[in-house]
Amino acid sequence: MSVWGNNIKISIFGESHGIALGINISGLPSGILLDMEAIEKEMERRAPGRSKIATARKEGDKVEIVSGVFEGRTTGAPLCGIIRNGDTRSQDYSKLKSLMRPGHSDYPAMIRYNGFNDVRGGGHFSGRITAPLVFAGSIARQILKEKGITIGAHIKSINSIEDDSFNPLAIDEALLTSLKEGDIATINKAKGEEMRELILATKKQADSLGGVVECAVTGIPAGIGNPFFDSVESTLAHLMFSVPAVKGIEFGAGFGITKMKGSEANDSYYYDGDEIKTRTNNNGGILGGITNGMPIIFRAAVKPTSSIGLYQDTVDVVNKVDDKLQVVGRHDPCIVTRAVVVIESVTALGILDLMMG
């Protein structure tokens, strides 16, 4: 349930309002010098309480490394990191043992775990559990960077507001770096400000928004991945759907490729000096489940935050009657802005796992 990986194995633990949450990482190479400053910056990109367009819950998200690192370098032993919870308001969830929140895991989790699941803040189903994934992904990114591989993402859309798209043939690394600045990662900054205004207006209405995150992997060589069950697409899709609120993924032209003819969809080859490239990248840098040397491009759909302040129809499973529920507490009006770094992080884990195979 909470373990993933073939060559790099990760195991996550914790609940949103528990004492702590964390991750155990097995299979990391020894001798990797960890850039803790860079890791902390990635953690800050996901952390709550740093913007008016995010939840007001304040958590430092400081990682305590309890094993696997000596004198700043990985030892090769399992690396365990924990993040302690601080700013919790568990009383906000006192009614949720009986009232099922629409859009949340409450009802299926109650059935699956016979009512013993922790409902506070979503418990182990919470998006807060992505914090240790960002920590592990930050380590993976450092290893990949040494191999010339860079991962970056931006908000392709919030509701109906669309940002520009990545150039599928060539992505400037400076652009990927610049996207990390600020609380809304967009290529077109004017579109980012439109998104901000819409999020704040929706927040005032006690409602929420969803959107799409577009992610790119550059510098990855041809020949990485496998056909069928361990393809690049199936590996990344597995990880994307392990991120709470992700409801869809498409690679390259995605569903749009169905409207093309084969002569249009096929990415024709040419020599650029000694390097083989394609003139288009409709397949998102992947053919037969294996990289072809072009940038990997995909988009992940993130649903609107389920916790909203409007009254919704629900059921009371204790008294077995229909009821209404207004979710109280501190929640993101749009989780997409903080999901960008999570998408990048799990992508790094997936690519590293494939490259170590």
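Residues numbered from 1 in each chain as written. Predicted model: local features only at pLDDT ≥ 70, side-chain atom pairs only at ≥ 80, totals over all residues. Heavy atoms only, no water.

Naming follows an unreviewed UniProt entry, where the protein chain appears as Chorismate synthase of Clostridium intestinale URNW. Quoted verbatim from the Pathway (unreviewed entry) field of the UniProt record, the comment on the protein chain reads "Metabolic intermediate biosynthesis; chorismate biosynthesis; chorismate from D-erythrose 4-phosphate and phosphoenolpyruvate: step 7/7." (UniProt positions renumbered as here; feature names shortened; annotations may be inferred.)

Moving on, we get to the UniProt feature "binding site: NADP(+)" (unreviewed entry) in the protein chain. Here, UniProt's "binding site: NADP(+)" (unreviewed entry) annotation points to R46 and K52. Contacts of R46, omitting those with residues within four sequence positions, involve D61, G127, R128, T130, A131, V134, R338, V341 and V342. Topologically, K52 is positioned in the loop between α1 (36–46) and β4 (63–67). Ignoring anything within four residues of it in the chain, the contact list for K52 reads L200 and K203. (Contact = heavy atoms within 4.5 Å. Helix = DSSP H or I, 4+ residues; strand = E, 2+ residues; numbered from the N terminus.)

What follows concerns the side chain of T235. Within the fold, T235 resides in helix α6 (residues 232–240). The exposure class assigned to T235 is buried, which follows from its relative accessible area of 7%. Setting aside residues no more than four positions away along its own chain, T235 makes contact with W4, D230, G350 and L354. (Buried < 20%, exposed > 50% of the residue type's maximum accessible area, 1.4 Å probe, protein only.)

Soluble globular proteins tend to pack their nonpolar side chains together in the buried interior. With 73 residues, the main nonpolar core has I25, F135, I139, I296 and F298 as its most contacted residues. For this core, the leading source of residues is helix α8 (residues 336–355), giving 11 residues. With residues near it in sequence (within four places) discarded, F298 still touches V213, E214, C215, L236, M240, I249, E250, F251, I343 and T347. By size, the runner-up hydrophobic cluster in this structure holds five residues, among which are L96, L99, V119 and V327. (Core = buried A, V, L, I, M, F, W, Y, C linked by side-chain atoms within 4.5 Å.)

The final tally for this structure, using the stated rule, is three aromatic pairs. Relative to F298, the ring of F251 has its centre 5.6 Å away and its plane inclined at 45 degrees; by these criteria the two rings are tilted. On the criterion of sequence distance, the pair formed by F251 in strand β11 (residues 246–251) and F298 in strand β16 (residues 296–302) is long-range, its members being 47 residues apart. (Phe/Tyr/Trp six-rings, centres within 6.5 Å; stacked < 30°, edge-to-face > 60°.)

Pairing is antiparallel in the open sheet, where five strands are placed in the order β9-β8-β10-β16-β11. If you trace the sheet from one side to the other, it starts and ends with β9 (161–162) and β11, each paired once. Pairing of strand β8 (residues 150–158) with strand β10 (residues 211–218) involves eight bridges; the strand directions are antiparallel. If you follow I158 over to β10, its bridge partner there is G211. (Pairing = 2+ DSSP bridges.)

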